[in-house]
Each structure stands twice: as structure tokens, then as C-alpha cells.
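Each chain, written out:
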Amino acid sequence: ASVHIKKNRYDDAASYLQKAEDIYKENNDSLGLAYVASAMAVIYDDLGDFAEAEKCLIRSLDIREKVLGENSLDVATSCANLAAFMQDLGRYTEALMYSRRALEMRIKILGKAHPDVAISYLDLGSLEGELGNNKDNLRYYEDALKILKEFYGDVHPSIALAYNRIGFYYNNVQNDSQKALYHYTESLEMLKGIYGEVHTTVAESIHNLASVYTSIADYSKAMELYKQALDLKIRLFGENHFSLADR
């Protein structure tokens, strides 16, 4: 089912998930049913049926809470999934509530210096930014970066993500182009080192860097970078991919 979801073959994915659900029911495997509900939420979300996606996510969370209690990494994951879903729909206050629950559980179970805690900080930082709490969102990003560096060293995709988030903050909130360029460049070079020159995250990172040059009216440099990002996306996905629509 997971393979079919990744390839957007939703009917096939749903068929396999139904078979899995039947087996889990026969074996009274509640956690298996929670997994099926979570996977079905992905399908409904991709198809734009957000009401059904939300029902599935809540069902998955309810099952996990009933079986595992309120302090479990699986419950934290369900809360984080709901937070991301709510954020995508612009329901930031609800998203913040679920994201904080996920963070609290992860700290209680894993301690404060774990990368999963850092990811929760990145999620919270993004939500605080959406709600206009800009001092809080920078603090969360910097806390996440510190934890990730201590855990992984200097190079990791999550570290690149943290640099990217901080770059966004300086570019879009503080209008500090120098700090934005520094953090976006750190993210880009790290991603190139991890994935190579041809990768979708590299293309997105180049696009982010271009946005800084646009904000400081260096349109020649911005156009050069936008073109690099576009050419890379076309190379990766072809000329008719939906991600090219706003490029």
C-alpha cells in the first residue's frame, strides 16, 4: 500500500489497506488498525478530501491513546501528523495544540537532546511564525539546530532544514539579507553534499536563495538562480509537473 501511495495509485493502495484492515480486525490488532487509518488519511489528503483525512487521523490517534496511553512515541507521532495536517489547512491554533502535545511527550520519553525533539521544535517554530510570534519561532529554530548538531555533527538533512528555516526567518521577518544568505547558503551546500547536485531539495534550496536576491533587488542574480532551480526541476520531473506552476 505504501508503494502505491508514493506512486499516486490510490485505488490500489486502498485495496491493499482494506485487506490489511480485515486481517487486523480478525486478529484484534488495534495498533494495526491505527496504522491503516493513518495511511488512509494520506490518501484522502492527497485526493483533497480533507474531512475524511481528518477523521482518519483522529481515529488513529484515538486508537493509539486507548491502547498505549497518553505518553507514547506513536501517540506523539499521531499528534505531529494532525498538527501538520491542521497547519496545511491554515488551522494554526489547533495545529499548535497538537504540536505542543507531541513535543511534551517526546521530551518526557526521549529527553531534551533527541533529534525527534528537535523536529518538534522546528514544527513549533513554523507554527509560531504563522501566528506572528516571531521571537518564539526563531528560538525554536535555534534550539533545534543546537540539538541536531550535538546529535549528528555538522552534516545531516535535518540540520540543512534548520538552516533553511532560520534563513526564511531572517529573509521574511527581519529583512536581514546577510543572515538570510548565510543560512540559506549553508543549507544549500549541505544538501548538495548529501544528495548531489540533482535533487528536489537542492532545487528548492536554490529557489529560496534566489528569493533573498529578489528582496534586495539583485534581479540579475535572482533570475540566474531561479533559472537554475527551474532547469533542475524540469530535469527531475519533466516539463508538465505541478511543482513548476509557480516557478
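The rules behind the values
- Sequence order as written defines residue numbering, which begins from 1 separately in each chain.
- Where totals are concerned, whole chains, interfaces and linings use all residues; where local detail is concerned, this predicted model gives features only for residues with pLDDT of at least 70, and gives and counts side-chain atom pairs only at 80 or more.
- Hydrogens and waters are ignored; side-chain quantities use all the structure's heavy atoms.
- Scored from 0 to 100, pLDDT reflects the predictor's confidence in each residue.
- Put simply, DSSP marks the helices as runs of H or I at least four residues long and the strands as runs of E at least two long, and each gets a number from the N terminus on.
- A cavity here means a set of points on a 1 Å grid, drawn over the protein atoms and nothing else, where a 1.4 Å probe fits but cannot get out; a pocket is an open set with protein on both sides within 12 Å along at least five of seven lines, and a residue lines either one if it has an atom within 4 Å of a point.
- Grid points are joined across faces, edges and corners, and a volume is the space filled by probe spheres set on the points.
- Gly is put with the polar residues, along with every residue not named as nonpolar or charged; the nonpolar set is Ala, Val, Leu, Ile, Met, Phe, Trp, Tyr, Cys and Pro, and the charged set is Asp, Glu, Lys and Arg.
- Note on classification: 1.4 Å probe, protein chains only; a residue is buried when its accessible area is under 20% of the maximum for its type, exposed when over 50%, partly exposed between these limits.
- To count toward a patch, a residue needs a relative accessible area over 30% and no salt bridge; like charges are then connected within 9 Å, while nonpolar side chains (Val, Leu, Ile, Met, Phe, Trp, Tyr) are connected within 5 Å.
- Computed with the Shrake-Rupley method and a 1.4 Å probe, the accessible areas treat only the protein chains shown as cover for residues.
- By convention in these notes, a salt bridge is any Lys or Arg side-chain nitrogen within 4 Å of a carboxyl oxygen on Asp or Glu.
- The term disulfide is used for any two cysteine sulfur atoms that are within 2.5 Å.
- Only the contacting stretch of a helix is used when fitting its axis, a line to C-alpha atoms as for every element, and angles between N-to-C directions run 0 to 180 degrees.
- Roughly parallel means an angle under 35 degrees; roughly antiparallel, over 145; roughly perpendicular, 65 to 115; everything else is oblique.
- With the far helix as reference, a near helix turned anticlockwise by less than a right angle produces a left-handed crossing, and one turned clockwise produces a right-handed crossing.
- We call two residues in contact whenever any of their non-hydrogen atoms come within 4.5 Å of each other.

A. Quick peek at the confidence of the model for the chain. Summing up the model confidence of the chain, the mean pLDDT is 91 and the portion of residues at 70 or higher is 95%. For the chain, the element scoring lowest by mean pLDDT is helix α1 (residues 2-6), at 68; helix α10 (residues 177-195) scores highest, at 97.

B. Structural context of the layout of surface pockets. There is about 250 Å³ of room inside the largest pocket. In terms of lining, the largest pocket is formed by 14 residues, of which the most central are Ser-126, Glu-130, Tyr-141, Arg-165 and Phe-168. Ranked by residue count, the leading element in the lining of the largest pocket is helix α9 (residues 157-172), at four residues. Residue classes in the lining of the largest pocket are distributed as five nonpolar, seven polar and two charged. As a volume, the second largest pocket reaches approximately 190 Å³. What lines the second largest pocket is simply Ser-38, Ala-41, Val-42, Asp-45, Asp-46, Leu-57, Asn-81, Ala-84, Phe-85 and Asp-88. At the level of elements, α3 (30-46) and α5 (73-88) are the ones that each hand at least two residues to the lining of the second largest pocket. When residues in the lining of the second largest pocket are grouped by element, the largest group, five residues, is from α3. By residue class, the composition of the lining of the second largest pocket is five nonpolar, two polar and three charged.

C. Spotlight on the environment of Asp-29. In this structure, Asp-29 sits in the loop between α2 (10-26) and α3. Accessibility expressed as a relative area gives 30% for Asp-29, which makes it partly exposed. With 25 residues separating them in the primary sequence, Asp-29 and Glu-54 have C-alpha atoms 22 Å apart.

D. Examining a nonpolar patch on the surface more closely. Together, Leu-31, Val-67 and Leu-68 make up an exposed nonpolar region whose accessible area comes to about 210 Å². Position of Leu-31 relative to the elements: it lies in helix α3.

E. Representation of the state of the cysteines in the model. A full pass over the atoms with the stated rule returns zero disulfides. Free cysteine Cys-56: the closest other cysteine sulfur is in Cys-79, separated by 16 Å. For Cys-56, a relative accessible area of 3% translates into the label buried.

F. Up close: unusual backbone geometry. Residues other than glycine seldom take positive phi values, yet Asn-175 does so here, at roughly 55°. Here Asn-175 is to be found in the loop between α9 and α10. The backbone of Ala-217 sits at a positive phi, close to 65°, despite the residue not being glycine. Tracing the backbone through its elements, the reader meets Ala-217 in the loop between α11 (200-215) and α12 (219-237).

G. Spatial organisation of the packing of helix α4 (residues 50-68) against α5. Interaxial distance between α4 and α5 falls to 9 Å at its minimum, and their mutual angle equals 160°. In this view, α4 runs roughly antiparallel relative to α5, as classed from their interaxial angle. Crossing angle aside, the handedness with which α4 passes α5 is left-handed. Residues Phe-50, Ala-53, Glu-54, Leu-57, Ile-58, Ser-60, Leu-61, Arg-64, Glu-65 and Leu-68 of α4 form the contact with α5, whose participating residues are Asp-74, Val-75, Ser-78, Cys-79, Asn-81, Leu-82, Phe-85 and Met-86. By residue class, the composition of the contact of α4 with α5 is eleven nonpolar, three polar and four charged.

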